[in-house]
Amino acid sequence: MYNNKLIGSLYVTPFVIGFLLFTAFPFVASFILSLTDARLQDQLGAAQFTGLANYTGMVSDSTFQKSLGVTFAYVFITVPLKLAFALFIAVVLNFKLRGIGLFRTAFYLPSILGGSVAIAVVWRFVFAGDGLINQGLGSLGIGGVNWLGEPTTAMFSIVLLRLWQFGSAMVVFLAGLKAIPEDLYEAADLDGASRMKQFWMITLPLLTPVLFFNFIMQIVQAFQEFNGPYIITAGGPLKSSYLLPLMIYEEAFKYFNLGYSSALSWVLFIIIAIFTAVAFWSQKHWVFYAQDRGDDKGGH
Amino acid sequence: MDAYRLHRRTMLLGAAAALTACGQTSSRPAGTKELRMSWWGGSSAHKATLEALKRFEKRHGIRVRAEYTGFAGHLERLTTQISGRTAPDVMQINWFWQTLFSPDGTGFLDLNQHRDKIDLSQFDARSLNMGTTKGHLNAIPVSNAARLVYLNQTTYDKAGLSLPSSWDELFARGPQFKQKLGDGYYPIDGLFLEFIGLARTYVVQGTGKPLISAETKSLNCSRQDMHDFAGLYARMTRDHVWPSAQVRASYGNVAQQEMRPWINGQFAGTFMWNSTIEKYSDTLAGNQKIALAPYPLREGAKDSGMMFRPSMMFAANATTAHPDEAVMLIDFLLNDPDGVRAMELKRGVPVSKTARKLLNDEGLISPLQQASEAQLASAQINVLESPYFEHPRVRDGFQDILEALGYGRISEQQAGDRLFDDINAILHRVVR
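Residues numbered from 1 in each chain as written. Chains lettered and ligands numbered in written order. Predicted model: local features only at pLDDT ≥ 70, side-chain atom pairs only at ≥ 80, totals over all residues.

(A) Representation of the overall build of chain A in the model. Within chain A, the secondary structure is distributed over 14 helices and zero strands. The order of helices and strands in chain A, counted from the N terminus, is α-α-α-α-α-α-α-α-α-α-α-α-α-α. Put simply, chain A has 300 residues, and 31% of those count as buried. Taking contacts inside chain A between residues at least 6 apart in sequence as the whole, the part at least 24 apart equals 69%. (Helix = DSSP H or I, 4+ residues; strand = E, 2+ residues; numbered from the N terminus. Buried ≥ 20, exposed ≤ 12 C-beta atoms within 10 Å, placed from the backbone. Contact = placed C-beta atoms within 7 Å.)

The following block contains the structure:
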């Protein structure tokens, strides 16, 4: 028994060390730094304690306010769109069709490629003034669009980069769809319910746990988006795609304001925590878990 | 149970091996001194520097560990090292970084204290001044750089136009380009950063003073000068001399030399550092040629306003355990024929007189580099700009206002006022 405990402890040690060093320590350190005027190029000992000055300073920081607004817009646009699109594709791919495995793989591919640096570079090429899309439009005799050069369309290009990575959410939806018992649909068929009615009355309610999971994951990821704006637009034009993670990076590594950057990180953390907490609190009103069904308690 | 025993034995052996590996020291012979040197650059600079370090090792029997990267992320890495007291013994730094790491002159080794190990007579006083902070010689320029006007001779020939030799001629080229070559052609181009450098030159030619004064923590010019600054941007973009903010942004966040209009000669010029212009001419398609244009001067200019500074410098760690050896390495790379031959021109035309003569005698300096050097030598450069002009916060301050002007969010008048008020406010915050 003693041996088992020792071996178990040794197995988890790398994780514990990694967690303490690369998650817990920076987490605590960033909070302490957020209460100082620490600059990246100075010795940490030179930093002065400034209390909540970094936090109160955000109230009058127009760049922060702009960035916050842009970040909320980005999250509120991408999360519902991505969830809806992922669910739609999952429903389609749930049909029993010939070669459906191939389609599932094909639709999942963009998520494997993800929002990596290489894809962001490709995205920049595709949406550039002389890029692939405008060349295509030109060949059809349609005038090009200044995708990256106008604030609205630049944001749209970044949003689209996130949308095309719908595969992981789709796979989770697909797993959820597979878990819905067939007999419910058979019963609904017998009662004459249309496909649409079956979707709204059976599929969607039984998918809410999966929807809830996807919602939380997408919210967290969207708030942390960095690659797209950093590589494609550098946050421009006119800071129209200057998301909060990009501002945090620039404050720390371009302007060297480690204290302010840490405070911004904590604000982002709190925002994500609030969204997650509200989602968890609200789930009792809209998420339908299997054990809530009375018939599950006695079995079939 | 046996399986567990086996697992446990394997794991303990593994852990022991890992701990041993962690505790291992380098295999160099006891007593051999070892230095660390860091730099950024491209692969050809890496190769040349590694060769020079090998020659230094052979000559002096001192091992040098090389730490090299591309430019992206190098400052962040060095900053972390300096902050954590793990910086290398010898470092390649940017001129501006002196204000970050050594505002009082003590952040780097004072090379004046090791004059017997380096031949400082090879460097002119102006160059040494640019590496001196409060009497401490912190860094020595490897090469000097100035922003000069480089134009695509091929495109100008195609338009049947001569290279402009004055501001007025440059302004006139905009409509001429549009008329002769079409909407997509511009006589000069660059990021906001380049335009800010160009407009600074324009203002400094009028004032005869640096744009920024670190002493007063403010702009060293009048509000009207900032109106002229904004007016220059409005005029040049309106008259098709410089691509508008919208046109430039349409290509996304991409380096100028990687943009298709630059590559195919539609954006037919730039206001670029002479030390990096080869990087720009390299990407031109076909047989297009870059030429150095005459430096534009305002009527009655008090100074050329040329933005002149070291392109990069070598400095030694203030807390190095081997200060003499670190200085010897710097001297070897900058002055010693062996080191100079290995380094070639990968960091621009050297400032060191002996290195420059050697490379010139061996015919290694290109005609474009020679022309740039000649223009630099003949220009009246009495005004040396404050390093704070290159502070990222200051640069971004200029950029944000010009961008707002370019997108029509503010008027030319408002842009001039904001340049004066906002940049002064930023300077008060960042100058320490």
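(B) Representation of the overall build of chain B within the structure. When its secondary structure is counted, chain B shows 18 helices and 11 strands. Projected onto the principal axes, the alpha-carbon positions of chain B cover approximately 80 × 65 × 50 Å. Sorting the 432 residues of chain B into buried and exposed places 45% on the buried side. Sequence separation of at least 24 residues holds for 75% of the intrachain contacts in chain B that already meet a minimum separation of 6.

(C) Main features of the domain arrangement of chain B. Residues and elements named next belong to chain B. According to the domain assignment, chain B contains domain 1 (34-144 + 310-368) and domain 2 (146-307 + 380-430). The centre of domain 1, based on its C-alpha atoms, is set 30 Å off from the matching centre of domain 2. Between domain 1 and domain 2, the residue contacts involve eight residues of the former and eight residues of the latter. Split by residue class, the side of domain 1 that touches domain 2 holds three nonpolar, five polar and no charged. (Domains from an automatic or database assignment. Nonpolar A, V, L, I, M, F, W, Y, C, P; charged D, E, K, R; others polar.)

(D) View of the pairing of strand β2 (residues 63-69) of chain B. Residues and elements named next belong to chain B. Bridge analysis of strand β1 (residues 34-40) against β2 gives seven bridges, and the strand direction is parallel. Across the sheet, the residue bridging to R36 is R65, located in β2. Remark: the β1/helix α2 (residues 43-60)/β2 crossover connection has right-handed handedness. (Pairing = 2+ DSSP bridges. Right-handed = clockwise from strand over helix to strand, strands pointing away.)

(E) Fine view of the packing of helix α3 (residues 62-93) of chain A against helix α7 (residues 151-163) of chain A. Residue and element names in this part refer to chain A. Packing of α3 against α7 brings their axes to within 9 Å, and their N-to-C directions diverge by 40°. The two elements α3 and α7 cross, and the hand of that crossing is right-handed. Two secondary-structure elements touch here, α3 through Y74, I77, T78, L81, K82 and F85 and α7 through M155, V159, R162 and L163. In the contact of α3 with α7, the residues fall into seven nonpolar, one polar and two charged. (Axes fitted to C-alpha atoms, helices over the stretch in contact; angles between N-to-C directions. Left-handed = near helix turned anticlockwise from the far one by under 90°.)

(F) Representation of α2 of chain B in the model. Residue and element names in this part refer to chain B. Here α2 contains 18 residues, and its C-alpha end-to-end distance of 26 Å stays within 8% of the 26 Å for a straight helix at 1.5 Å per residue. Here α2 has its buried residues at T49, A52, L53 and F56. All buried residues of α2 lie within an arc of 105° about the axis, which places them on one face of the element. Exposed side of α2, more than 90 degrees from the buried face: S43, S44 and K58 are the residues found there. On its buried side, α2 packs onto β1, β2, α13 (323-334) and α14 (337-343). Downstream of α2 by a residue or two, G61 has a phi angle that is positive, lying close to 65°. (Expected span 1.5 Å × (residues − 1). Arc of directions from axis to C-beta.)

(G) Up close: the nonpolar core. Residues F173 of chain A together with A199 and L419 of chain B are the most contacted members of the largest nonpolar core, which totals 118 residues. Sort the elements by how many residues they give to this core and α3 of chain A lands first, with 11 residues. Dropping the residues within four chain positions of it, A199 of chain B is found in contact with F229, L232 and Y233 of chain B. By size, the runner-up hydrophobic cluster in this structure holds 48 residues, among which are I82, M91, L100 and A326 of chain B. (Core = buried A, V, L, I, M, F, W, Y, C linked by C-beta atoms within 7 Å.)

(H) Structural detail: helix α4 (residues 100-113) of chain A. The end-to-end C-alpha separation of α4 of chain A is 21 Å, in line with the 20 Å expected for 14 residues at 1.5 Å each. Within α4 of chain A, the axis deviates most sharply at F107 of chain A, by approximately 30°, and proline P110 of chain A lies no more than four positions further along. (Bend = angle between axes of the 7 residues up to and from the residue.)

(I) Spatial organisation of the packing of helix α12 (residues 244-253) of chain A against helix α13 (residues 258-286) of chain A. Residue and element names in this part refer to chain A. Interaxial distance between α12 and α13 falls to 8 Å at its minimum, and their mutual angle equals 160°. Relative to α13, α12 is oriented roughly antiparallel. As for how α12 packs across α13, the hand of that crossing is left-handed. Across the interface between the two elements, L244, M247, I248, E251 and A252 of α12 pack against L258, Y260, S261, L264, S265 and L268 of α13. Residues belonging to the contact of α12 with α13 are distributed by class as follows: eight nonpolar, two polar and one charged. (Parallel < 35°, antiparallel > 145°, perpendicular 65-115°, else oblique.)

(J) Main features of the confidence of the model for chain B. Residue and element names in this part refer to chain B. Scored by pLDDT, chain B has a mean of 90; 93% of the residues are at 70 or more. The model gives residues 1-28 a pLDDT under 50, and that stretch makes eight contacts with residues more than four places away or in other chains. Across the predicted assembly, pTM comes out at 0.85 and ipTM at 0.86. (pLDDT = per-residue confidence, 0-100.)

(K) Representation of the environment of I202 of chain A in the model. Secondary-structure assignment places I202 of chain A in helix α10 (residues 195-223). Discounting residues that sit within four places of it in the chain, I202 of chain A has contacts with I180, L184, Y185 and A188 of chain A.

(L) Representation of the environment of H322 of chain B. Residues and elements named next belong to chain B. Mapped onto the elements of the fold, H322 is located in the loop between β11 (308-316) and α13. For H322, a count of 18 C-beta atoms within 10 Å gives the class partly exposed. With 233 residues separating them in the primary sequence, H322 and D89 have C-alpha atoms 7.6 Å apart. In this view, H322 contacts K33, L35 and D89; residues no more than four positions away in its chain are not counted.

(M) Inspection of unusual backbone geometry at higher detail. For the bond from G236 of chain A to P237 of chain A, the omega torsion is -10°, close enough to zero to count as cis. Mapping P237 of chain A onto the fold places it in the loop between α11 (227-233) and α12. Its identity as a non-glycine residue notwithstanding, F256 of chain A has a phi of 70°, on the positive side. Looking at the element boundaries, F256 of chain A is found in the loop between α12 and α13. Of note in the backbone geometry, K217 of chain B takes a positive phi value of approximately 55° without being a glycine. Inspection of the secondary structure puts K217 of chain B in the loop between β7 (212-213) and β8 (218-219). For K217 of chain B, a count of 16 C-beta atoms within 10 Å puts it in the partly exposed group.

(N) Just the confidence of the model for chain A, in detail. All names here are of chain A. Taken as a whole, chain A shows an average pLDDT of 89; of its residues, 94% reach a score of 70 or greater. Mean pLDDT values over the elements of chain A span from 45, in helix α14 (residues 294-298), up to 96, in helix α2 (residues 53-57). Confidence drops under a pLDDT of 50 for residues 295-300, and excluding neighbours within four residues, the segment shows two contacts in the predicted structure.

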